[in-house]
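# Observations on the model geometry
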Amino acid sequence: LELALSHSTSSQTVTESLVATLLELPNSRTCEHEADMVGMRIAASACYDPRKGLAFWPYLDKIGVAQSGPSFLSTHPPSEQRAANLAADSEQTLAP
């Protein structure tokens, strides 16, 4: 009985952890996008062209450093999505 109860508790903990993680991941990806935008603004205010940073994300994919696996299990957006988001947002960032 004790073994069954301990197993039940650990599986419940695993389930709770999994649910918590899946609920928190979209927020984490949103924070990453916001951080990317802040970085672009900082680069622009320092007189750097933030669009130059767009090549960074495909480069990570090319050299195999980018994350792998399903994006819904990741704390960070996929590199291609980050580059696309930054490209779309760069016009807003560069607007006077």
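Everything discussed here concerns the structure shown above.
Rules behind the numbers
- Residues numbered from 1 in each chain as written.
- Predicted model: local features only at pLDDT ≥ 70, side-chain atom pairs only at ≥ 80, totals over all residues.
- Heavy atoms only, no water.
- Helix = DSSP H or I, 4+ residues; strand = E, 2+ residues; numbered from the N terminus.
- Buried < 20%, exposed > 50% of the residue type's maximum accessible area, 1.4 Å probe, protein only.
- Contact = heavy atoms within 4.5 Å.
- Areas by Shrake-Rupley, 256 points an atom, 1.4 Å probe, with all protein chains shown as cover.
- Salt bridge = Lys/Arg side-chain N within 4 Å of Asp/Glu carboxyl O.

What follows is about the overall build of the protein. Helix and strand counts for the protein stand at three helices and zero strands. Listing each helix as α and each strand as β along the protein from the N terminus yields α-α-α. By the burial criterion, 21% of the 96 residues in the protein qualify as buried. A separation threshold of at least 6 residues defines the contact pool for the protein, and within that pool the share at least 24 residues apart is 73%. Total accessible area on the protein stands at roughly 7000 Å², and carbon and sulfur atoms take up 62% of it.

Turning our attention to the pattern of salt bridges. All told, the structure shown has three salt bridges when counted by the stated rule. A salt bridge links Arg82 to Glu32; the shortest N-O distance between them is 2.9 Å. With a gap of 50 residues between them, Arg82 in helix H3 (residues 79–94) and Glu32 in helix H1 (residues 2–45) connect regions that are remote in the sequence. For Arg82, a relative accessible area of 7% gives the class buried. For Asp49, the salt bridge is made with Arg51, and the minimal N-O distance between the two is 2.9 Å.

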